[in-house]
Amino acid sequence: MLDKISSYSESDFDVLTQEMVNALIEKIVIGKPMGQREKNYGKRMIDIYIYELGNLSELIDVRFKPYSVRIKEIAPQLLLERRCDTANVIEALATKRGSLENALAEEGTNFQTVIVEVRKKILIDAIRNGLTIKEIYPLLGYPEPSNVYWFSKRFLGMRFNDLNNMVKTDD
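Residues numbered from 1 in each chain as written. Predicted model: local features only at pLDDT ≥ 70, side-chain atom pairs only at ≥ 80, totals over all residues. Heavy atoms only, no water.

J.: Which parts of the structure should I look at to understand the sheet that holds strand β2 (residues 46-50)?
T.: The strands that make up a sheet pair up through hydrogen bonds in the backbone, lying either parallel or antiparallel. Here we have 3 strands laid out as an open sheet, ordered β1-β2-β3, and antiparallel in their pairing. The open sheet is flanked by β1 (25-30) and β3 (54-55), the only strands paired with a single partner. (Pairing = 2+ DSSP bridges. Helix = DSSP H or I, 4+ residues; strand = E, 2+ residues; numbered from the N terminus.)

J.: Where do I start with a nonpolar patch on the surface in this structure?
T.: A cluster of nonpolar side chains, namely Ile 28, Ile 30 and Ile 46, defines an oily patch on the protein surface of about 290 Å² accessible area. Locating Ile 28 in the fold gives a position in strand β1. (Patch = residues over 30% accessible without salt bridge, like charges linked within 9 Å, V, L, I, M, F, W, Y side chains within 5 Å. Areas by Shrake-Rupley, 256 points an atom, 1.4 Å probe, with all protein chains shown as cover. Salt bridge = Lys/Arg side-chain N within 4 Å of Asp/Glu carboxyl O.)

J.: Got a minute to help me understand the packing of aromatic side chains in this structure?
T.: The description of an aromatic ring pair rests on the distance of the ring centres and on the angle between the ring planes. Under the counting rule described, the total for this entry stands at 4 aromatic pairs. Judged by centre distance (5.5 Å) and plane angle (85°), the rings of Tyr 149 and Phe 160 are edge-to-face. Of this pair, Tyr 149 sits in helix α9 (residues 146-156) while Phe 160 sits in helix α10 (residues 160-170), and the two are 11 residues apart along the sequence. The exposure class of Tyr 149 is partly exposed, given its relative accessible area of 37%. Both rings, one in Trp 150 and one in Phe 155, keep their centres 5.7 Å apart while their planes meet at 85°; by these two values the pair is edge-to-face. Its relative accessible area of 46% is what places Trp 150 among the partly exposed residues. Positioned over the ring face of Tyr 49 is Lys 27, at 4.7 Å from the centre of the ring. One cation-aromatic arrangement involves Arg 70 over Tyr 67; the distance from NZ or CZ to the ring centre is 4.7 Å. (Phe/Tyr/Trp six-rings, centres within 6.5 Å; stacked < 30°, edge-to-face > 60°. Buried < 20%, exposed > 50% of the residue type's maximum accessible area, 1.4 Å probe, protein only. Lys NZ or Arg CZ within 6 Å of the ring centre and 35° of its normal.)

As far as function goes, none of this settles anything; it's purely spatial.
This is the structure in structure tokens:
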């Protein structure tokens, strides 16, 4: 495996060629379509085996993740860029609005609830790390610090200063 990879420079991996893929992939196994009673009806599992390493899905997590988990993984960056809305999440996840809404409903949640959970985690982590309100508000995707005060009161049920004191004394 290392012999095959060592012949390429790091910049060669910016675009995989057919030759590179052939050199790395031992086999691809396509499973049967999932049954009507299964959540991912009609979809097939694909296992990609890399020479000397084995099944790619055992090396990295490539299986179906709940949409809420996938949103939580991409939301912090989208919040920082102030682009964390349904349209941008749909684009980032390469899905459709209906698929996203239905999947979240099956999980017992919705888009806004997931984003609130992400913001809560970011806010509490930021306070633990000693960040100031001026450093925190961009992380939450807000245009100004006053939005953090509003968020804390609305979704955490307490003033920001009280939350700040509580988090700092818990550590």
